Amino acid sequence: VHLLRHALPQARSRTHVSLRAAACLGSRYRGDDAVGPLVADRLRAAGATVLECDDEPTRLLDAWAGLDLVVIVDAVFSGAAAGTVHRVDPGDGPLPRDLGLASTHAFSVPDALELGRALGRAPRRVVVIGVEGAAFGMGDPVTAEVEAALDGVAESVLAELREGLREGECDA
């Protein structure tokens, strides 16, 4: 009877497993807007989890629900030099609208984040890494400045995902 009643050992402590992923937005066919998919290729090769949203921010609502950290990678257009990397950690606040996330859709990443928060489907923490672009036309090539930034951006995302661990969490 003892084996049936106490067949499993007592649970020690409940350690939270941190769920982290990157969401890389953009179109491979619109010049510097390809930064997201190109960084996603590098992240997957390094073994990172990359959420699929096919350049549609509303798809993030289901993909990031329940995650602790999502690092969003996208092209931006704020007037800075092409290839400039911006890092934004909005905390509990909204993403800045003046960052110029290069969405080609009416529903933007900031909109998706705010809707996710309102619905209780946003990740606990979001960090945005934006790469300043200059050419966004259909068929435009990626500019040399953005191409030169890609490896560093991928490394930055991997570092954010690693450092996203907080006390009481363990690596999944």
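All of these numbers come straight from a predicted model, not from anything done at the bench.

### Here we look at the overall build of the protein chain
When you go through the protein chain residue by residue, the secondary structure sums to five helices and seven strands. In the protein chain, the succession of helices and strands from N to C terminus is α-β-β-α-β-α-β-β-α-β-α-β. For the protein chain, buried positions account for 47% of its 172 residues. Within the protein chain, contacts between residues separated by at least 24 positions form 77% of all contacts whose residues are at least 6 apart in sequence. Working note: accessible area of the protein chain is about 9200 Å², and carbon and sulfur atoms make up 53% of it.

### Topic: the packing of aromatic side chains
Applying the stated rule across the entire model yields one aromatic pair. Plain terms: the ring middles of Phe77 and Phe136 are 6.2 Å apart, the flat faces sit at 90° to each other, and that makes the pair edge-to-face. Remark: Phe136 occurs in the loop between strand 6 (125-132) and helix 5 (144-163) and Phe77 occurs in the loop between strand 4 (69-76) and strand 5 (85-88); sequence separation between them is 59 residues.

### Digging into the side chain of Thr143
Along the chain, Thr143 turns up in the loop between strand 6 and helix 5. Residues in contact with Thr143, not counting those within four places in the same chain, are Asp32, Ala82, Ala134 and Ala135.

### Some words on the confidence of the model for the protein chain
Detailed reading of the predicted coordinates is not advisable wherever pLDDT falls low. Confidence in the prediction for the protein chain averages 82 pLDDT; 78% of positions are at 70 or higher. Predicted confidence for residues 11-17 stays below pLDDT 50, and this span has eleven contacts to residues more than four positions away or in other chains. Between residues 166-172, whose pLDDT stays under 50, and residues either more than four places distant or in other chains, the model counts 18 contacts.

### Concerning the pairing of strand 2 (residues 20-24)
With five of five residues buried, strand 2 lies mostly within the body of the structure. Of the two faces of strand 2, both are covered, the one formed by Arg20, Ala22 and Cys24 as well as the one formed by Ala21 and Ala23. With five bridges joining them, strand 2 and strand 4 adopt parallel strand pairing. Along strand 4, the bridge assignment pairs Ala23 with Ile72. Sheet topology note: the strand 2/strand 3 (residues 50-51) ladder contains two bridges and is parallel. Among the inter-strand pairings, Ala23 is bridged to a residue of strand 3, identified as Leu51. In the classification by handedness, the crossover that spans strand 2, the intervening helix 2 (residues 35-45) and the parallel strand 3 is right-handed.

### Quick notes on the pattern of salt bridges
On inspection of all chains with the given rule, the structure shows ten salt bridges. Of the charged contacts, one joins Glu160 and Arg87 as a salt bridge, the two residues approaching to 2.4 Å between their closest N and O atoms. Residue Glu160 is found in helix 5, and its partner Arg87 is found in strand 5; the two are separated by 73 residues along the sequence. A salt bridge links Arg117 to Glu114; the shortest N-O distance between them is 3.0 Å.

### Some words on the packing of helix 2 against helix 5
For any two helices packed against each other, the geometry is given by the interaxial angle and the distance between the axes. One way to put it is that helix 2 packs onto helix 5 with a least axis distance of 9 Å and a crossing angle of 50°. By the angle between their directions, the pair helix 2 and helix 5 is classed as oblique. Helix-helix and strand crossings are classified by hand; for helix 2 and helix 5 the assignment is right-handed. Along its contact with helix 2, which presents Val35, Leu38, Val39, Arg42 and Leu43, the element helix 5 presents Val146, Glu147, Leu150, Asp151, Val153, Ala154, Val157 and Leu158.

### Concerning helix 5
Structurally, the α-helix is built with 3.6 residues per turn, so residues lying three or four positions apart point the same way. Taking 1.5 Å per residue as the helical rise, helix 5 with its 20 residues ought to reach 28 Å, and the 29 Å between its terminal C-alpha atoms agrees with that figure. The largest bend along helix 5 reaches roughly 40° and is located at Leu150.

### Structural notes on the nonpolar core
Formed by 25 residues in total, the largest nonpolar core has its most connected members in Cys24, Val35, Val39, Leu43, Val153 and Val157. Going through the elements one at a time, strand 2, helix 2, strand 4, strand 6 and helix 5 are the ones with two or more residues in this core. Broken down by element, this core gets its largest block of residues, eight residues, from helix 5. With sequence-adjacent residues up to four places away left out, Val157 is seen in contact with Ala22, Leu43, Val71, Val73 and Ile129. With 19 residues, the next largest nonpolar core counts Leu51, Val109, Leu113 and Val126 among its residues.

Rules behind the numbers
- Residues numbered from 1 in each chain as written.
- Predicted model: local features only at pLDDT ≥ 70, side-chain atom pairs only at ≥ 80, totals over all residues.
- Heavy atoms only, no water.
- Helix = DSSP H or I, 4+ residues; strand = E, 2+ residues; numbered from the N terminus.
- Buried < 20%, exposed > 50% of the residue type's maximum accessible area, 1.4 Å probe, protein only.
- Contact = heavy atoms within 4.5 Å.
- Areas by Shrake-Rupley, 256 points an atom, 1.4 Å probe, with all protein chains shown as cover.
- Phe/Tyr/Trp six-rings, centres within 6.5 Å; stacked < 30°, edge-to-face > 60°.
- pLDDT = per-residue confidence, 0-100.
- Pairing = 2+ DSSP bridges.
- Right-handed = clockwise from strand over helix to strand, strands pointing away.
- Salt bridge = Lys/Arg side-chain N within 4 Å of Asp/Glu carboxyl O.
- Axes fitted to C-alpha atoms, helices over the stretch in contact; angles between N-to-C directions.
- Parallel < 35°, antiparallel > 145°, perpendicular 65-115°, else oblique.
- Left-handed = near helix turned anticlockwise from the far one by under 90°.
- Expected span 1.5 Å × (residues − 1).
- Bend = angle between axes of the 7 residues up to and from the residue.
- Core = buried A, V, L, I, M, F, W, Y, C linked by side-chain atoms within 4.5 Å.

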